[in-house]
Amino acid sequence: MNSAIVHVHPPGRLLALLGNPNCGKTALFNRLTGSRQKVANYAGVTVERKEGRLQTEAGERLRLLDLPGTYSLHPRSPDERVTRDVLAGQAVGEKRPDLLLCVVDASNLRRHLRLVLAAQRQGLPCVLVLNMADVAERRGLQIDPQALSHELGLPVVRAVAVQGQGVAELRALLDDPAVWRPAPPPPSDADDGQRIAAMLTRLGLDRALPPGPTERIDRWVLHPWLGPLLMALLMFAMFQAVFAWAEAPKALIQAGANALGQWLGPALEGLGAPGWLRSLAVDGLVAGLGGVLVFLPQILILFAFILVLEESGYLPRAAYLLDRWMGGLGLSGRSFIPLLSSFACAIPGIMATRSIANPRDRKVTMALAPLMTCSARLPVYALLIGAFVPARPLAGGVELQGLVLFALYLAGILSAAAVAWVLKRLTARGEVRTLMMELPEYHWPRVRNLGIGLLQRAWIFLRRVGGIILLLTLAMWLLASFPGAPEGATRPAIEYSLAGQIGRALAGLFEPIGFNWQIAIALVPGLAAREVAVGALATVYALSAEGDALSQALAQQWSLATALALLAWYVVAPQCLSTLAAIRRESGSWRMPLGVAAAYFGLAYLVAGLTYRMALRLSGS
Ligand SMILES: Nc1nc2c(ncn2[C@@H]2O[C@H](COP(=O)(O)OP(=O)(O)OP(=O)(O)O)[C@@H](O)[C@H]2O)c(=O)[nH]1
Ligand SMILES: [Mg+2]
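- As recorded by an unreviewed UniProt entry, the chain carries the name Fe(2+) transporter FeoB and is attributed to Inhella inkyongensis.
- We quote the UniProt Subcellular location (unreviewed entry) comment for the chain here in full: "Cell inner membrane".

Structure follows, in structure tokens:
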């Protein structure tokens, strides 16, 4: 039988944003469509096409695509291929755009106009958006949009996307039917460089700009040894802040959860609720979810730092500084940003590998992403550090807890370095390309963007707490509560429950690495999502009815060696199904995620066991 695929496109004419990386396409997209896509100051933020709707001045509804930035229409990496395919009308499920909004950085026309000429040759109607006009003007460039329009034969709109300038003009312009007709294409592309140079001379824009603040700052930031020192200090300050600043908000959430639990139990009893329901509400929901929720402030502090680094333009500099060391491990500085994104969550990190042109490097980077310390590990780390590491100031105002957290993040990085080193021996490196990466101008981070970024993070975390964590916590409570203890039982009821039985069955497996049966139970739901282990431990210990806060219970009942072994386990163990699914999607087969899971579980077992043995020996037991 013959079959045919019919693509049904949504109604409305289609526009696409085209431009070099980091020229402000997504900032403009957000303003035009009211979306909140990620905007940040480095090349390669957008790696897939995103769609939004916009309305022209006269009320026509149009569809707008945001595309990954590209330097040319000859793609080198998977994200650039997305852009080429859309322009050629070859993208699956998408028609060819009816018009291109070509966005350029007005302070860098010499480079950005090349892509505009190439776009004009595609035979599609184009509109030029002269973005970052504020930056250009601050640096003394006066660009006459009219004259530029005349030179290029295209409509030109001056814009400052982050402030919404130019958005209204664009909306009005799109109502002009003349704009939707393609202009005659420029002649062959052999001498575009010359053509642009001549054009800039005629416009009086050909003089060299005086060095701006970016150059002056970079003298320090990129300095051969001051630069790395500054980077180490920055990272260090970040982890100190995660503990130092979170104290008060954390205590507040904890107190709220405790008060809620203490009020809810008797209140439910007053309403005649049966014992199991009270236990579900107090030991299951309030203890389980509250146990995870207290870590929100720490997650937000970490993200505030990451967002500032992203928006200021520091990230590509860090990549540049690390390029040499990464080269020794068989990686290029290109891998840096995907790996750094993985500190938030490995999934966007794995997506960001699409900007890596070399397939071998891309795969290695994907394999390393789960070793970066994602924010779901933070609750586990913070819980165990809070229970076992005294909050003691060391010399020079350094906090011991922050120091230990820093060490855990470092342990993640070092294990990734070790794996990269092994992979370098095992796989052919292929050609080594020098890092070609743009260093953008520094910007002051915008408070509004930071606020939006933090709110989005908080929302993602709360959705997790209200979704998968809630579900698994409930399941955990069920398993830990049924069947109840038999008549005349002497030990806590949970030990007779299904969870208790599972825990005991698994205990043998984990005993050599120092985990008790409570940890063994908590690791089972923790396989799906890391922080669930914290909620699960909270439920298990709440049901064991000691009545202490979780961290006190742990400090009393676990040995330090056990706590350290669990921390070591968490540094490496790939306990996140969504990450494995993302690797499967991006690599195109199950081979890689299965290999990653097997290797890292094995490694986690090994390092946890070693840590346990070493800690036992050092503590003399
Ligand atoms: N001063 C100034 N900054 C801008 C303007 N437009 C965007 N930016 C900043 O430029 C940086 C890049 O913006 P994005 O919108 O992420 O750029 P993009 O073109 O989508 O980048 P990719 O997705 O990597 O291709 C961000 O830090 C923005 O805040 C502007 O008109 N003026
Ligand atoms: Mg973008």
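Now that the structure has been shown, the text picks up again.
## A word on the nonpolar core
In a soluble, globular protein the nonpolar side chains are often hidden away together inside.
Here's step 1: In terms of nonpolar packing, the biggest core is built from 123 residues, with Phe336, Leu368, Leu405, Phe515, Leu554, Trp558 and Trp569 touching the most fellow members.
Here's step 2: Judged by nonpolar contacts, the second largest core, of 35 residues, contains Leu67, Leu109, Leu128 and Leu130.

## Some points on the side chain of Gln298
Here's step 1: The residue Gln298 is located in helix α12 (residues 296-312) in this model.
Here's step 2: On the basis of relative accessible area, Gln298 is assigned to the buried category, the value being 1%.

## Digging into helix α17 (residues 377-388)
Here's step 1: Taking 1.5 Å per residue, 12 residues should reach 16 Å; α17 reaches 17 Å between its end C-alpha atoms and fits that length.
Here's step 2: α17 sits mainly inside the fold: 11 of its 12 residues count as buried.
Here's step 3: Along α17, the residues that are buried comprise Arg377, Leu378, Pro379, Val380, Tyr381, Ala382, Leu383, Leu384, Ile385, Ala387 and Phe388.
Here's step 4: The inward-facing, buried residues of α17 abut α9 (226-244), α12, α18 (400-426), α22 (532-543), α23 (550-557) and α24 (560-572).

## Considerations on the site of ligand 1
Here's step 1: The environment of ligand 1 is formed by 26 residues, the closest being Lys25, Thr26, Ala27, Val45 and Thr46.
Here's step 2: Thr26 is positioned such that a nitrogen or oxygen atom in its side chain is 2.7 Å from an oxygen atom of ligand 1.
Here's step 3: One nitrogen or oxygen atom from the side chain of Asp134 is found 2.9 Å from a nitrogen atom belonging to ligand 1.
Here's step 4: Surface burial for ligand 1 is 99%, taken as the share of its 660 Å² of free accessible area covered by protein chains.
Here's step 5: Where the shell around ligand 1 is concerned, the elements lending two or more residues are α1 (25-33) and α4 (133-138).
Here's step 6: Class assignment of the residues belonging to the shell around ligand 1 gives a composition of 13 nonpolar, nine polar and four charged.

Calculation notes
Residues numbered from 1 in each chain as written. Chains lettered and ligands numbered in written order. Predicted model: local features only at pLDDT ≥ 70, side-chain atom pairs only at ≥ 80, totals over all residues. Heavy atoms only, no water. UniProt positions renumbered as here; feature names shortened; annotations may be inferred. Core = buried A, V, L, I, M, F, W, Y, C linked by side-chain atoms within 4.5 Å. Buried < 20%, exposed > 50% of the residue type's maximum accessible area, 1.4 Å probe, protein only. Helix = DSSP H or I, 4+ residues; strand = E, 2+ residues; numbered from the N terminus. Expected span 1.5 Å × (residues − 1). Contact = heavy atoms within 4.5 Å. Near = heavy atom within 4 Å. Polar contact = N/O pair within 3.5 Å; in protein donor to acceptor, adjacent residues only side chain to side chain. Areas by Shrake-Rupley, 256 points an atom, 1.4 Å probe, with all protein chains shown as cover. Nonpolar A, V, L, I, M, F, W, Y, C, P; charged D, E, K, R; others polar.

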